[in-house]
Amino acid sequence: MPRLFKSSETQKATMLVVRSSPLLRRNPIVASSTSTQCCSSQRSSAARASFSSLPHHLARKNNGMVNVFVKSTKVPRPPVVSTAVLGKPKLKNQLKQGWQGNLLIDRSAIRMNDDTAQNSSSHQQPHFSYAGNENIPVTSKLKIVRPGDDVPRGIWPAFRMMDEQGTFLPTDTDNNSATNASLANNSSNNITPEKYDLSQLQSILTYQYPHFTNEIQSSALLTPSKHDYPDTHSTNTLLRAHRQMIRLRKMDTILHNAQRQGRISFYMTHHGEEAIHMGSASALQPQDYIFAQYREAGLLMWRGFTLEQFCNQCFSNDLDLGKGRQMPVHYGCRALNYQTISSPLGTQITQAVGAAYKFKLEALALSKPEKKTDKNEAAISIVYFGDGAASTIDFHSGCNFAATLKTPMIFFCRNNGYAISTPTEDQYAGDGIISRAPGYGMAGIRVDGNDIFAVHAAVAEARKLALETSGPVLIEAMTYRQGHHSTSDDSSRYRATEEVQKATVVSDPILRLDRFLKQYGWMDDTATAAVEDEERVAVLRAMEVAEARNKPKIDTMFTDVYHTKPPHLLRQEEALKRHLKKYSIPH
């Protein structure tokens, strides 16, 4: 190894980088060029800056040392697109003309950026950050890392289809970002489908973004329903998801205010996490069992739980399915395969494993020739939890049992940056939750939780893999909790208001879907405002009706636990009735 420096702390620090780099040890040319740069005292500050300013994916810490490496900057060829997916001849011609009109621009853009790409030794991989200062790399490849696969080096990338501007990623984000930007600006986005024609939108997206063909063609969000949805009276699945995201936010705002007014005792909002709800719920099947934590009301809404039922539960009236025995937002519905919420963190995780094991045993019994059933009836369980609940013993026990017993299920972690008031940097030292999957022998994928299309694709693929392998899949959805943890919390005491404002303006999932719909002429500010007004009025009406209803009868306190009331429970019931009668308390 040639001597690079004579003295000074800066030179010693840079010397450490060179010695610790496998690339520099193996490549004398690189080492020599580094030596040339750093030997001069006049360039010592520039050398220090060059190493300190390396992008995070080029300079990664490994046991306290820095490994420097260079990725290929080869520019991909323009994709060859098939029009087999396009149905209408008129649309084919429109797309053909639009594509040909931009093809020369795309190629010239590639040629124009070719020299820059070739001369550049590296490129900045796209990334995002929702909480704290950690940047999450972005990938447009939907790849679930299975047990035995090579795990990503450094920070696990998050799968994304749609950026903050509501535009699909133009090509593979792992290759050349400069070329991707040129392709994005010059793609055929001026071609718009007929208004609210979901099948046509699906065809156009397939044509414009062929690298997402599988995700687009298999997406239930982009496929019309066979029958009208009861709440929207339409078969348009995507517009229903958009409306329900708005409905959930309006319900949160109004019921949160109702708690502040003393009309209900407690509430928890879902602000900023709506894409997780509608994206994942639309990828599941009705027979799949949902084990939620306490911030997944949107999944229940997607399955048909009405505003009236939500309000009945929060006001604990006589129509509440839980008969007033639970705190507000602790929903449950047996008919919709949504298990009742439990306040203690993590308890639902092991229960979901048990349900998945039951599904496995039933599938084994039905696999016999005389008991074969329709494959579409196969079911999984999916459990939702936050980054804080991943620190509980229930998480460890659930993951270990699921991987060992090979149960068909999905572990879905909402990493929203905070476990109540504890930020993620104080919660764990590793790379989030997803990096734990290989250690348990589980498959796993990280996804942008504010991208409804990416969440849907990831959950659909995870469900398919869970059934094929009869094994668990861990999904970590990176998102941001815009609201307080609950009405018992004041988040301004532990995070800056500027952080919340940035997330609200830049990465809000509803705004992102709004922008996507506007690009294709399906929504504008007036149409979005109309939907918001309709949902606000609907929530207010449901709340007024629920608030006016009677409370559950006192007799319901002693039912639904035992099939036949035991003697000690009968004695307690009689004692309560005597007490109420003695003091003339109506019941």
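Residues numbered from 1 in each chain as written. Predicted model: local features only at pLDDT ≥ 70, side-chain atom pairs only at ≥ 80, totals over all residues. Heavy atoms only, no water.

### A few points about the environment of R536
Structurally, R536 is set in helix 19 (residues 525–548). Placed 285 residues apart in sequence, R536 and M251 show a C-alpha to C-alpha distance of 7.4 Å. Look past the residues within four positions of R536 in its chain and what remains in contact with it is K250 and I254. (Helix = DSSP H or I, 4+ residues; strand = E, 2+ residues; numbered from the N terminus. Contact = heavy atoms within 4.5 Å.)

### Some thoughts on the pairing of strand 4 (residues 136–139)
The side chains of a regular strand alternate between both faces of the sheet. Residues I136 and V138 line one face of strand 4 and the alternating positions P137 and T139 line the opposite face, and both faces are buried. Relative to strand 4, strand 3 (residues 127–128) runs antiparallel, the two sharing two bridges. Paired with F128 across the two strands is I136, which belongs to strand 4. Alignment of strand 4 against strand 5 (residues 158–159), held across two bridges, turns out to be parallel. Across the sheet, V138 pairs through a bridge with A158, a residue of strand 5. (Buried < 20%, exposed > 50% of the residue type's maximum accessible area, 1.4 Å probe, protein only. Pairing = 2+ DSSP bridges.)

### With respect to unusual backbone geometry
Not every positive phi belongs to a glycine, and K323 is a case in point at roughly 55°. Within the secondary structure, K323 is located in the loop between helix 12 (307–315) and helix 13 (347–366).

### Structural notes on the nonpolar core
Ranked by internal contacts, the top residues of the largest apolar core, which has 99 residues, are L238, Y331, F453 and F516. Sequence-distant contacts of F453, defined by excluding residues within four places in its chain, comprise M161, M162, F168, L221, L222, L238, L513 and F516. Residues F291, V353, A356 and F385 belong to the second largest nonpolar core, which totals 25 residues. (Core = buried A, V, L, I, M, F, W, Y, C linked by side-chain atoms within 4.5 Å.)

### Let's talk about the environment of Q348
Mapped onto the elements, Q348 comes out in helix 13. Spatially, the C-alpha atom of Q348 lies 9.3 Å from that of F395, the residues being 47 residues apart in sequence. With residues near it in sequence (within four places) discarded, Q348 still touches F291, A292, Q293, V383, Y384 and F385.

### A closer look at the packing of aromatic side chains
The geometry of two aromatic rings is summed up by the distance between their centres and the angle between their planes. All told, the structure shown has 19 aromatic pairs when counted by the stated rule. Ring geometry for F159 and F212: centres 6.5 Å apart, planes at 80°, overall edge-to-face. Taken as a pair, F159 in strand 5 and F212 in the loop between helix 7 (198–208) and helix 8 (213–217) lie far apart in primary sequence, 53 residues in all. Residue F159 is classed as buried on the basis of its relative accessible area of 0%. Residue F212 is classed as buried on the basis of its relative accessible area of 0%. A ring pair is formed by F168 and F516, whose centres lie 5.5 Å apart and whose planes are at 25°; its orientation type is stacked. Residue F168 is located in the loop between strand 5 and helix 6 (177–186), and its partner F516 is located in helix 18 (residues 509–519); the two are separated by 348 residues in the primary sequence. Three or more aromatic residues link up through ring pairs in this structure, and these residues are F159, F168, Y209, F212, F453, F516 and Y520. (Phe/Tyr/Trp six-rings, centres within 6.5 Å; stacked < 30°, edge-to-face > 60°.)

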